[in-house]
Amino acid sequence: MPTTATSIVPPPAPDPPEAPDTQERITAEIAEAQAAAATGAQPRIDFAPYRSSALRHPTKDLRHADPEGIELVAPVFGHSDIDPVEADLTVQRGGDPIGERMLLTGRVLDGDGRPVRHQLVEIWQANAGGRYLHKRDQHPAPVDPHFTGVGRCLTDGAGVYRFTTIKPGPYPWRNHLNAWRPAHIHFSLFGTEFTQRLITQMYFPGDPLFALDPIYQSITDQAVRDRLVATYDHDLTTHEWATGYRWDIVLTGAHATPLERDEQ
Amino acid sequence: MTIPREALAPTPGQTIGPFFHDALPYAGDSLLVPPGSAGAVRLHGTVYDGSGAPVPDALVEIRQADPAGRPPRREGSLRRDGRFTGWGRAATDASGRYAFTTVVPGGVGGGAAFFAVVVFARGLLDRLFTRAYLPGESDTFLASLPAADAATLRVVRDEEGDLRFDLHLQGDRETVFLRYPRHDGPRSGQ
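Residues numbered from 1 in each chain as written. Chains lettered and ligands numbered in written order. Predicted model: local features only at pLDDT ≥ 70, side-chain atom pairs only at ≥ 80, totals over all residues. Heavy atoms only, no water.

Looking at this model, I keep getting lost on helix 1 (residues 23-36) of chain A. Mind explaining?
At 3.6 residues per turn, the α-helix brings residues three or four places apart onto the same side. All names here are of chain A. Taking 1.5 Å per residue as the helical rise, helix 1 with its 14 residues ought to reach 20 Å, and the 20 Å between its terminal C-alpha atoms agrees with that figure. Buried within helix 1 we find Q23, I26, E29, I30 and Q34. The arc that holds every buried residue of helix 1, seen down its axis, measures 130°, which confines them to one face. Along helix 1, the residues that are exposed and aim more than 90 degrees away from the buried face are E24, E32, A35 and A36. Its buried side turned inward, helix 1 meets helix 2 (222-225). (Helix = DSSP H or I, 4+ residues; strand = E, 2+ residues; numbered from the N terminus. Expected span 1.5 Å × (residues − 1). Buried < 20%, exposed > 50% of the residue type's maximum accessible area, 1.4 Å probe, protein only. Arc of directions from axis to C-beta. Contact = heavy atoms within 4.5 Å.)

Structure (structure tokens):
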């Protein structure tokens with residue numbers, strides 16, 4: 001008779017590790033959240049499928065305030081602030097970056113269709129392989145020694161900005177299992193009033209990752225999401241040099257009266 | 001003559017994401033005046049999330065008048081070279097803290113004196129505006145808020161003599177954030 005193996009009692013099973021969310025689950029949550037949400041001109045800031053938003057959005061309604069004083073005056077930038085070469089992201093590091101060279105241009109308008117003249121536009125983006133230079137980017141795609149992914153320019157007298165850059169690649173992130181961001185370029189914009197400050201992301205037409213991305217889909221109205229997508233423009237594409245994309249930006253409406261603006 | 005124009009639908013915002021540090025911060029971004037210069041004061045605080053944890057990847061910008069209440073309209077924020085432009089930018093550090101060196105703003109046009117503030121963060125899908133009122137200042141907007149809410153908009157002078165303004169993105173002490181007319185586009189009826 002073997003001795004009873006009472007000593008070999010398996011330890012209680014540990015709780016199974018929390019399974020990472022699948023894309024299927026995130027996609028289902030996006031559909032649910034969008035069905036429940038009113039359509040709006042801005043992203044939902046309480047959009048659960050974007051996991052990092054959970055503790056980082058106010059739960060109280062934004063409070064209505066009539067802008068006054070300093071809020072009616074945007075910061076001013078000028079030619080002493082930046083070097084024109086900052087608008088060309090393909091010449092900053094002493095060699096040609098790898099990837100699809102592209103020209104990117106468009107107008108910055110205020111909510112009444114007025115051009116935002118001589119104002120700062122800042123962009124940042126991943127390289128062609130979907131890798132940022134940023135030290136926190138752990139994506140095992142190559143860093144491009146000839147590409148910083150950072151640019152600045154001033155709009156001209158018609159509100160037009162122009163950059164030369166490389167088309168960024170899509171990249172993985174950790175929102176859920178096998179999560180990928182659609183290719184995008186981050187834009188930072190100023191208007192004529194402080195209240196018009198905007199940071200957003202520009203996307204490329206027809207990206208297959210759109211439907212899967214909780215950041216893009218946090219805007220619940222397709223017509224509003226479309227405003228973030230650039231247009232391929234063959235007239236902007238240059239012979240044997242670069243493809244061309246066009247993207248116009250509309251800031252929220254200004255509040256100062258024309259008289260107040262003239263006094264500025 | 002003013003030509004009436006059709007109101008346009010605004011481009012929506014998106015999160016600043018985690019990778020802005022090589023693009024938006026720059027040398028001198030948070031130094032509206034040189035540290036140690038006459039009248040220089042430190043405006044600082046911590047950005048917190050809804051669990052009370054600091055937010056190490058937020059970006060705070062301020063816009064302010066000069067001490068006489070005049071809004072500066074001069075270029076030079078990116079290369080200040082001694083110019084006071086009334087605008088600054090500060091990324092939060094690993095402890096969620098930000099700090100500016102600036103001057104105490106005056107109220108514009110006889111209004112209450114405040115810093116206009118905008119905050120961005122990874123995880124925050126759109127920017128948030130608020131106001132940081134100087135100690136003792138008030139106006140009809142601030143007075144219209146319940147006391148606990150109004151307190152979230154008040155700068156506190158700390159024991160060092162610095163100005164402190166914490167931002168709570170969520171939670172019991174959630175900062176009052178603002179929506180200006182026309183933020184929702186032409187169909188909001190504003």
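Now that the structure has been shown, we can carry on.
Can you walk me through the pairing of strand 8 (residues 184-189) of chain A in this structure?
Put simply, side chains in a regular strand alternate between the two faces of the sheet. All names here are of chain A. With 6 of 6 residues buried, strand 8 is to be regarded as a mostly interior element. The side-chain alternation of strand 8 yields two buried faces, one formed by H184, H186 and S188 and the other by I185, F187 and L189. Where strand 3 (residues 120-125) meets strand 8, 5 bridges bridge the pair, whose relative direction is antiparallel. Looking at the pairing, V121 lines up with L189 of strand 8. Pairing analysis gives 6 bridges linking strand 8 to strand 9 (residues 198-203), with the strands arranged antiparallel. (Pairing = 2+ DSSP bridges.)

Would you mind showing me how to read the pattern of salt bridges here?
Pairing is possible between side chains that carry opposite charge, provided their charged atoms lie close to one another. If you walk through the whole model with that rule in mind, you get 30 salt bridges over all chains. Here R89 of chain B ties to E122 of chain A by a salt bridge, and the two come within 2.8 Å at their closest N and O atoms. With R89 of chain B in strand 3 (residues 87-91) and E122 of chain A in strand 3, this pair bridges two chains. Its salt-bridge partner being D139 of chain B, residue R131 of chain B comes within 4.0 Å of it at the nearest N-O pair. For the residue pair R131 of chain B and D139 of chain B, the accessibility class agrees, reading buried in each case. Three or more residues joined by partner-sharing salt bridges are found here, namely D21, R25, E29 and R51 of chain A. (Salt bridge = Lys/Arg side-chain N within 4 Å of Asp/Glu carboxyl O.)

So what exactly am I meant to see when it comes to the side chain of T101 of chain B here?
All names here are of chain B. Inspection of the secondary structure puts T101 in strand 4 (residues 97-102). On the accessibility criterion, T101 (12% relative accessible area) is buried. With residues up to four places along the chain from it excluded, the contact list for T101 reads S30, L31, L32, V33, P34, P35, A40 and V41.

What am I meant to see in the interface of chain B and chain A here?
Quoted interface sizes are often the accessible area lost when the parts come together. The partner chain A presents 85 residues to the 77 residues of chain B that form the contact. Between chain B and chain A, the buried area comes to about 7300 Å², and carbon and sulfur atoms account for 57% of it. The tally of links from chain B across to chain A stands at 10 salt bridges. R63 of chain A serves as the salt-bridge partner of D149 of chain B, at 2.8 Å between the closest nitrogen and oxygen. Here chain B and chain A share 47 residue pairs in polar contact (both at pLDDT 80 or more) between them. Those elements that provide at least two residues to the side of chain B that touches chain A are strand 2 (58-63), strand 3, strand 5 (114-121), strand 6 (128-133) and strand 10 (178-179) of chain B. (Buried area = accessible area lost by both parts, 1.4 Å probe. Polar contact = N/O pair within 3.5 Å; in protein donor to acceptor, adjacent residues only side chain to side chain.)

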